[in-house]
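The chain contents come next:
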Amino acid sequence: MTEADTSPTAFDRRMLEALVCPATQNRLKYDAERQELISKGAGLAYPIREGIPVMLVDEARRIDD
């Protein structure tokens, strides 16, 4: 584990098992470098702020493949 993995604001990857994209209801991919949850189907990246995923379509960044 790295220091970032144990910090109080680190994203808990086990949360991915419970989270789905609010737009498509599909699974998400964790992008550790950008601190985002990616929904390929919706073309959206949901931000993770202070270790908390912001699962609002209005807050998501549009991504291009």
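Quick note: structure is the one above.
### Remarks on the pairing of strand 3 (residues 44–49)
Then step 1. Of all the six residues making up strand 3, five are buried; the element is thus mostly covered by neighbouring parts of the structure.
Then step 2. Pairing of strand 2 (residues 36–39) with strand 3 involves four bridges; the strand directions are antiparallel. When the sheet's bridge partners are listed, serine 39 is paired in strand 3 with leucine 44.
Then step 3. If you look at the hairpin formed by strand 2 and strand 3, you'll find four residues sitting between the two strands, and glycine 43 has a positive phi there, around 70°.
Then step 4. Across two bridges, the pairing between strand 3 and strand 4 (residues 52–53) is antiparallel. Each bridged residue has a counterpart across the sheet, and for arginine 49 the counterpart in strand 4 is isoleucine 52.
Then step 5. Linking strand 3 back to strand 4 in an antiparallel pair, the connection comprises two residues, with glutamate 50 at a positive phi of about 55°.

### Let's talk about the nonpolar core
Then step 1. Phe11, Leu16, Leu19, Cys21, Leu28, Tyr30, Leu37, Ala42, Leu44, Tyr46, Ile48 and Ala60 form the largest nonpolar core, which has 12 residues in total.
Then step 2. Broken down by element, the residue count for this core peaks at three residues, all from strand 3.
Then step 3. Apart from residues no more than four positions distant in its own chain, leucine 19 is found in contact with Leu28, Leu37, Pro53 and Met55.

Conventions and cut-offs
- Residues numbered from 1 in each chain as written.
- Predicted model: local features only at pLDDT ≥ 70, side-chain atom pairs only at ≥ 80, totals over all residues.
- Heavy atoms only, no water.
- Buried < 20%, exposed > 50% of the residue type's maximum accessible area, 1.4 Å probe, protein only.
- Helix = DSSP H or I, 4+ residues; strand = E, 2+ residues; numbered from the N terminus.
- Pairing = 2+ DSSP bridges.
- Core = buried A, V, L, I, M, F, W, Y, C linked by side-chain atoms within 4.5 Å.
- Contact = heavy atoms within 4.5 Å.

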